[in-house]
Amino acid sequence: MQHKNFKNIDKVTYGRGSFSQLSETIAPIRNENNKYFVFVIDNYFKNKSLNYNALPEDVVYFIDVDPHEPTTQQIDALRDEVLAKKGLPSGIVGIGGGSIMDIAKALSLMFTNEGSSTLYQGLNLIKKKGIYHLGVPTISGTGAEVSMTAVLTGPEKKLGLKCDWTVFNQVILDPELIASVPNDWWFYTGMDTYIHCIESHNGIRNNAFSLAYGNQSLQLCREVYLYEGAGQNSENDDKLMVASLMGGLSLTYSEVGVCHALSYGLSKILGTRHCYANCIIFQHLEDIYAEGVNEFKQMLQKHAIVLPKNLSKNWDENTLRKMAEVSYNLPFMWNHAFGENYKEIATINYIESLFKRL
Ligand code: NAD
Ligand code: ZN
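Let us look at the structure shown here. Just so we're clear, the structure is a prediction, and the values are computed from it rather than from any experiment. (Residues numbered from 1 in each chain as written. Chains lettered and ligands numbered in written order. Predicted model: local features only at pLDDT ≥ 70, side-chain atom pairs only at ≥ 80, totals over all residues. Heavy atoms only, no water.)

1. Some thoughts on the sheet that holds strand 7 (residues 149-153)
Consideration 1: Pairing is mixed in the open sheet, where three strands are placed in the order 5-8-7. The sheet is open, and its two borders are formed by strand 5 (122-123) and strand 7, each paired with just one other strand.
Consideration 2: Bridge analysis of strand 7 against strand 8 (residues 158-162) gives five bridges, and the strand direction is antiparallel. Residue pairing across strands places Ala150 opposite Leu161, the latter belonging to strand 8. (Pairing = 2+ DSSP bridges. Helix = DSSP H or I, 4+ residues; strand = E, 2+ residues; numbered from the N terminus.)

2. What about the packing of aromatic side chains?
Consideration 1: Enumeration over the complete set of coordinates arrives at 17 aromatic pairs.
Consideration 2: Plain terms: the ring middles of Phe187 and Tyr188 are 6.5 Å apart, the flat faces sit at 80° to each other, and that makes the pair edge-to-face. For the pair shown, Phe187 and Tyr188 are each scored as buried.
Consideration 3: Among the aromatic residues, ring-to-ring pairing joins Trp185, Trp186, Phe187, Tyr188, Tyr225, Tyr276, Phe282, Tyr289 and Phe296 into one connected group.
Consideration 4: The aromatic ring of Tyr36 is capped on one face by Lys86, whose charged end is 5.0 Å from the ring centroid. (Phe/Tyr/Trp six-rings, centres within 6.5 Å; stacked < 30°, edge-to-face > 60°. Buried < 20%, exposed > 50% of the residue type's maximum accessible area, 1.4 Å probe, protein only. Lys NZ or Arg CZ within 6 Å of the ring centre and 35° of its normal.)

3. Describing the site of ligand 1
Consideration 1: Close to ligand 1 lie 29 residues; Asp66, Gly98, Ser99, Thr138 and Ser147 are nearest.
Consideration 2: Within the side chain of Ser180, one N or O atom sits 2.7 Å away from a nitrogen atom of ligand 1.
Consideration 3: In isolation ligand 1 offers 870 Å² of accessible surface; the protein chains occlude 94% of this area.
Consideration 4: Those elements giving two or more residues to the shell around ligand 1 turn out to be helix 3 (98-110), strand 7, helix 4 (183-201) and helix 8 (274-282).
Consideration 5: Counting residues per element, the shell around ligand 1 draws most heavily on helix 3, at four residues.
Consideration 6: Its residues assigned to classes, the shell around ligand 1 shows eleven nonpolar, ten polar and eight charged.
Consideration 7: Two domains share the shell around ligand 1, each providing at least three of its residues, namely domain 1 (11-177) and domain 2 (183-356). (Near = heavy atom within 4 Å. Polar contact = N/O pair within 3.5 Å; in protein donor to acceptor, adjacent residues only side chain to side chain. Areas by Shrake-Rupley, 256 points an atom, 1.4 Å probe, with all protein chains shown as cover. Nonpolar A, V, L, I, M, F, W, Y, C, P; charged D, E, K, R; others polar. Domains from an automatic or database assignment.)

4. Side note on the coordination of the zinc ion (ligand 2)
Consideration 1: Protein coordination of the zinc ion (ligand 2) is provided by Asp192 (OD), Asp192 (OD), His196 (NE2), His260 (NE2) and His274 (NE2), with donor distances spanning 2.1 to 2.7 Å.
Consideration 2: Exposure remark for His260: the relative accessible area of 3% places this residue in the buried category. (Donors = N, O, S within 2.8 Å, 3.2 Å for Na, K, Ca; no water.)

5. Details of the pattern of salt bridges
Consideration 1: If you walk through the whole model with that rule in mind, you get twelve salt bridges.
Consideration 2: In this structure, the salt-bridge partner of Glu223 is Lys239, at a minimum N-O distance of 2.9 Å. Taken together, the residues Glu223 in helix 5 (residues 208-225) and Lys239 in helix 6 (residues 234-253) connect sequence positions 16 residues apart.
Consideration 3: A residue is classified by how much of its surface remains accessible, and Glu223, at 21% relative accessible area, is partly exposed.
Consideration 4: Ionic pairing is found between Lys239 and Glu235, a salt bridge with its closest N-O pair at 3.8 Å. Taken as a pair, Lys239 and Glu235 lie in helix 6 at a separation of four residues, close to a single helical turn.
Consideration 5: Judged by its relative accessible area of 52%, Glu235 is exposed.
Consideration 6: Because the salt bridges share partners, they merge into one network encompassing Glu223, Glu235 and Lys239. (Salt bridge = Lys/Arg side-chain N within 4 Å of Asp/Glu carboxyl O.)

6. Some details on the nonpolar core
Consideration 1: By size, the foremost hydrophobic cluster in this structure holds 97 residues, and its most contacted members are Val40, Phe187, Tyr194, Phe282 and Trp334.
Consideration 2: Residue-level mapping places this core at the junction of two domains, with at least three residues from each of domain 1 (11-177) and domain 2 (183-356).
Consideration 3: Those residues within four positions of Trp334 in sequence are excluded, and the remaining contacts are Val258, Ala261, Leu262, Ser327, Tyr328, Gly339, Tyr342, Ala346, Tyr350, Ile351 and Leu354.
Consideration 4: If you look at the next biggest cluster of nonpolar residues, it comprises 17 residues, including Ile26, Ile41, Ile95 and Leu177. (Core = buried A, V, L, I, M, F, W, Y, C linked by side-chain atoms within 4.5 Å. Contact = heavy atoms within 4.5 Å.)

7. What about the pairing of strand 4 (residues 91-96)?
Consideration 1: Where burial is concerned, most of strand 4 is hidden: six out of the six residues are buried.
Consideration 2: By the alternation rule, side chains of strand 4 split into Gly91, Val93 and Ile95 and Ile92, Gly94 and Gly96, which are all buried.
Consideration 3: Bridge count for strand 2 (residues 37-42) against strand 4 is five bridges, and the pairing is parallel. When the bridges of strand 4 are listed, Val40 appears paired with Gly94.
Consideration 4: Two strands pair when backbone bridges link them, and strand 4 and strand 6 (residues 132-137) are joined in this way by six bridges, in the parallel orientation. Residue pairing across strands places Gly96 opposite Pro137, the latter belonging to strand 6.

8. Some details on the packing of helix 2 (residues 72-86) against helix 3
Consideration 1: Relative orientation of the contacting elements helix 2 and helix 3 amounts to 55°, with a least axis distance of 10 Å. With respect to helix 3, the axis of helix 2 lies oblique. Handedness of the helix 2/helix 3 crossing: right-handed. Each of Gln74, Ile75, Leu78 and Arg79 in helix 2 lies in contact with helix 3, whose residues at this interface are Ile103, Ala106, Leu107 and Met110.
Consideration 2: Counted by class, the contact of helix 2 with helix 3 contains six nonpolar, one polar and one charged residues. (Axes fitted to C-alpha atoms, helices over the stretch in contact; angles between N-to-C directions. Parallel < 35°, antiparallel > 145°, perpendicular 65-115°, else oblique. Left-handed = near helix turned anticlockwise from the far one by under 90°.)

Below is the structure:
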């Protein structure tokens, strides 16, 4: 068996108000390449008093992530525009949620790798190291701040640019930044972490390393979403930021499972957003993740979150088949969840039957 050799984030700043250290953190990098920084910032912050301190030479993009998750086309176009305007930047700063984190990570790589990002969707296809990249999460749960992938939707596949160079050089975790997240997104994105841990635990790739991160992350998730004192407040925001990071580390040393395999199918074919898709699916996986789903339902109830059901009655056979095919083509997730004989269990027909539960 090949053991994972994971590249972690080079540096992490954590704490309330730590965002104010952004300028001094990137100052030493400013001498590199064409001596300017690119900022990609979630559009939510456009007219807010977010003090990111860009210099006049820097290029700042506010990006609306709501119409769709990051696409290969979007990355290619941004890369071409920036390079044509000012040449190779010193570095890139991403300030936002999983979508912005992935845009920053993908751009960092695509500034130095020629051609379309569609060429690099997969594991270790990137040829050259990217430029310095720094992530500042403003919504917690996806683990994108720590993961070695930048998930992009392309014409053919929804798949990440995945390699050691994808991992951020630096992240700044400032819990003050997540205070404004709307309650429903606070729930869906936070539950991505919870589901990462449940899936990481329940499968053949779990080990003491992934369990240790996952157990700690689950404990924090329970404090934030379930136990007495649960809810969206500053003390819980401090915890949720750490839970997201640790959940990401747990799955990195293990693997995600059935919910994520189905989620990719749903997102690729119907455009449903990652964390929301996970929640819609996870409620129906009681036979696979009994305890996790039971606890998830308690959290739904506690926060009065109502998820849609009976969606599949509007899906024709063709749609179901296409979703099942996307999911089927994630064998490492099925293998982790169901073990050596996974091919006998996770057939296209079985996967379709799971989609019919939705
Ligand atoms: P997101 O970045 O898509 O943002 C969700 C919503 O929250 C948006 O409307 C955004 O404007 C808003 N928002 C963000 N921060 C806010 C704040 N502080 N206040 C108010 N509103 C705020 O959310 P996400 O769930 O973090 O990310 C989902 C994306 O992450 C998907 O594209 C998915 O594919 C990707 N993802 C990546 C990885 C990875 O390892 N790279 C893992 C899981 C998911
Ligand atoms: Zn996820």
